[in-house]
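# Descriptive structure summary
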Amino acid sequence: MKSYIERYQTEVGGDGLLDPHAVAEWAYRNGLHKPSVRTVVDAIATDIAQQFREDYRTDAKGQRYRAMHAVRSKKGDKTMSLWADMDDERAPRDHFVRSFAQRRQQIVGDCYQLKTDVDVYNAKDPAQKPIQVPLDFTVDVEELQLPFKGKKAA
């Protein structure tokens, strides 16, 4: 893949911005990437998982929540995600404990990487005022939890 991404950059040029869909379409049209049945199944599964991620509901108190939650686990050498619906009484509590813990770890990892990226960027030109990115989200979350008194949803 890396070789045809580099070839795309050389042949198509552009403004230095890469759209993965444009690169994929170009690679497919040029016979560089032929999808296997596994690739097609994976693409369909990705679409299904995206639908799960977008399944939001509203509870009796008016709180909007994500209904479907995944747990990533390994079986042999394969990593898989199993999803459960919060409203399905058959889904075990342990699934949600693990899901919430995994999502928290993803957030921590994202914050760590963001801090690293900002630090590296800031070090490239010390004459510039450093970009500051606060990582304490307490106030942000509290603000989002405030009732929407007279506010219209975006």
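Predicted model, so just to flag it, every value in this text is computed and none were measured.

### Here we look at helix H4 (residues 93-124)
Compared with the 46 Å implied by 1.5 Å per residue over 32 residues, the 47 Å span of H4 between its first and last C-alpha is a close match. Residues of H4 that are buried make contact with strand E3 (68-75) and strand E4 (78-85).

### Section: the nonpolar core
Counting residues in hydrophobic clusters, the biggest one holds five residues: Tyr-4, Tyr-8, Val-23, Trp-26 and Ala-27. Mapped onto this core, the elements with two or more residues apiece are helix H1 (2-12) and helix H2 (20-29). For this core, the element with the highest residue contribution is H2, accounting for three residues. When residues no more than four places from it in sequence are discounted, the contact partners of Ala-27 are Tyr-4, Leu-32 and His-33.

### Observations regarding the packing of aromatic side chains
Counted under the stated rule, the structure contains three aromatic pairs. With a centroid separation of 5.4 Å and 75° between ring planes, the pair formed by Tyr-8 and Trp-26 is classed as edge-to-face. You can see Tyr-8 sitting in helix H1 and its partner Trp-26 sitting in helix H2, a full 18 residues away along the chain. Its relative accessible area of 11% is what places Tyr-8 among the buried residues. On the basis of relative accessible area, Trp-26 is assigned to the buried category, the value being 7%. Plain terms: the ring middles of Phe-96 and Phe-100 are 6.3 Å apart, the flat faces sit at 40° to each other, and that makes the pair tilted. With Phe-96 and Phe-100 both in helix H4 and four residues apart, this pair spans about one turn of that helix. Under the relative-accessibility criterion, Phe-96 is labelled buried at 10%. Residue Phe-100 is classed as partly exposed on the basis of its relative accessible area of 41%. Over the aromatic face of Tyr-28 sits the side chain of Lys-34, whose NZ or CZ is 5.6 Å from the ring centroid. One cation-aromatic arrangement involves Arg-64 over Tyr-56; the distance from NZ or CZ to the ring centre is 4.1 Å.

The rules behind each value
The numbers attached to residues start from 1 for each chain and follow its sequence in the written order. Predicted model: local features are reported for residues with pLDDT of at least 70 only, side-chain atom pairs are reported and counted for 80 or more only, and whole-chain, interface and lining totals are derived from all residues. The basis for every side-chain value is the complete set of non-hydrogen atoms in the structure, without hydrogens or water. Strands here mean DSSP runs of E at least two residues long; helices mean DSSP runs of H or I at least four residues long; both are numbered from the N terminus. By this rule the span expected of a helix is its residue count minus one, scaled by 1.5 Å. The contact criterion used is simple: two residues touch if any of their non-hydrogen atoms lie within 4.5 Å. Definition of nonpolar core: a set of buried residues of the types Ala, Val, Leu, Ile, Met, Phe, Trp, Tyr and Cys, connected through side-chain atoms within 4.5 Å. Burial status follows relative accessibility: with a 1.4 Å probe on protein chains alone, a residue under 20% of its type maximum counts as buried, one over 50% as exposed, and anything between as partly exposed. The aromatic pairing rule takes the rings of Phe, Tyr and Trp, using the six-membered ring of Trp, and pairs them if the centres are within 6.5 Å, calling planes under 30 degrees apart stacked, those over 60 edge-to-face and the rest tilted. Any Lys NZ or Arg CZ found within 6 Å of a ring centre and within 35 degrees of that ring's normal is scored as a charge over the ring.

These figures capture arrangement, not role.
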